[in-house]
Amino acid sequence: MKSQREIEEMVSYHYGKEGTPKRVKFEKEVKAYREMIEKVSARLNIDKVENEIQYEWAINRVEELLPLVNDDTLLCEENSVELEILSIMVSNYSDNHYSILDL
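Residues numbered from 1 in each chain as written. Predicted model: local features only at pLDDT ≥ 70, side-chain atom pairs only at ≥ 80, totals over all residues. Heavy atoms only, no water.

Asker: I'm lost on the overall build of the protein in this one. Help?
Answerer: Counting its regular elements, the protein contains four helices and zero strands. Tracing the protein from N to C terminus, the helices and strands come up as α-α-α-α. Expressed as lengths along the three principal axes of its C-alpha atoms, the size of the protein is roughly 50 × 30 × 25 Å. Scored against the burial criterion, the 103 residues of the protein give a buried share of 24%. Pairs at least 24 residues apart make up 57% of the contacts formed inside the protein by residues separated by at least 6 positions. Of the roughly 8100 Å² that the protein leaves accessible, carbon and sulfur atoms contribute 55%. Treating the 13 positive side-chain charges of the protein as one cloud and the 22 negative ones as another, the clouds have centres 11 Å apart. (Helix = DSSP H or I, 4+ residues; strand = E, 2+ residues; numbered from the N terminus. Buried < 20%, exposed > 50% of the residue type's maximum accessible area, 1.4 Å probe, protein only. Contact = heavy atoms within 4.5 Å. Areas by Shrake-Rupley, 256 points an atom, 1.4 Å probe, with all protein chains shown as cover. Lys, Arg positive; Asp, Glu negative; His and termini not counted. Charge placed at Lys NZ, Arg CZ, Asp CG, Glu CD.)

In structure tokens form, the structure reads like this:
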């Protein structure tokens, strides 16, 4: 894991020093993304998929969200964040319960 100093250097390299327009824009986008993650997570009221019923629900919800999200969708948009969160949950459950190594 990178240290706080390494992260700051990387962010400064890509987005400029604190207070520059590019850096301010980046920080606002990160804040909006974090806030949307919290909002969607609270609404979903689930931290991980724990059983087949939740797994099937999550897969169906991912399928509903896919047509609503495209390359032009902002990362901090609610449907995009929900799709990302549920996709990770589905992937984690699949990896733990349907591993190709078990075949």
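Asker: Honestly, the packing of aromatic side chains in this entry has me stumped. Any pointers?
Answerer: Think of a pair of aromatic rings as described by two things: how far the centres are apart, and how the planes are tilted against each other in angle. All chains considered together, the criterion is met by four aromatic pairs. Relative to Phe26, the ring of Tyr15 lies with its centre 3.9 Å away and its plane at 15 degrees, an arrangement referred to as stacked. Residue Tyr15 is found in helix α1 (residues 4-15), and its partner Phe26 is found in helix α2 (residues 21-44); the two are separated by eleven residues along the sequence. Using a relative accessible area of 29% as the deciding quantity, one classes Tyr15 as partly exposed. Ring centres of Tyr55 and Tyr98 lie 5.6 Å apart, and the angle between their planes is 35 degrees; on these two criteria the pair is classed as tilted. One end of the pair, Tyr55, is in helix α3 (residues 52-65); the other, Tyr98, is in the segment after α4 (78-97), and 43 residues separate them in sequence. Taking the relative accessible area as the measure of exposure, Tyr55 reaches 11% and is therefore buried. Given the relative accessible area of 44%, Tyr98 is considered partly exposed. Through pairs of rings, three or more aromatic residues link up here, namely Tyr55, Tyr93 and Tyr98. (Phe/Tyr/Trp six-rings, centres within 6.5 Å; stacked < 30°, edge-to-face > 60°.)

Asker: Looking at this structure, I do not really get the confidence of the model for the protein. What am I missing?
Answerer: Close reading of the predicted structure is inappropriate where its pLDDT is low. Residues at a pLDDT of 70 or more form 97% of the protein, whose mean pLDDT is 94. The weakest mean pLDDT in the protein belongs to α1 at 94; the strongest belongs to α3 at 98. (pLDDT = per-residue confidence, 0-100.)

Asker: How do you make sense of the side chain of Ser12 when you look at a structure like this?
Answerer: Looking at the secondary structure, you find Ser12 in helix α1. According to the relative accessible area criterion, Ser12 is buried, its value standing at 14%. Ser12 has contacts with Lys17 and Arg23, leaving out every residue within four places of it along the chain.

Asker: How should I be thinking about the packing of α3 against α4 in this particular structure?
Answerer: Angle between the axes and distance between the axes are the two parameters that describe a pair of packed helices. It is the contact of α3 with α4, at a shortest axis distance of 9 Å, that shows an interaxial angle of 140 degrees. Of the possible angle classes, the one that applies to α3 and α4 is oblique. As for the relative orientation of α3 and α4, their crossing is left-handed in sense. Two secondary-structure elements touch here, α3 through Glu52, Tyr55, Trp57, Ala58, Ile59, Arg61, Val62 and Leu65 and α4 through Asn79, Glu82, Leu83, Leu86, Ser87, Val90, Tyr93 and Ser94. Considered class by class, the residues forming the contact of α3 with α4 number ten nonpolar, three polar and three charged. (Axes fitted to C-alpha atoms, helices over the stretch in contact; angles between N-to-C directions. Parallel < 35°, antiparallel > 145°, perpendicular 65-115°, else oblique. Left-handed = near helix turned anticlockwise from the far one by under 90°. Nonpolar A, V, L, I, M, F, W, Y, C, P; charged D, E, K, R; others polar.)

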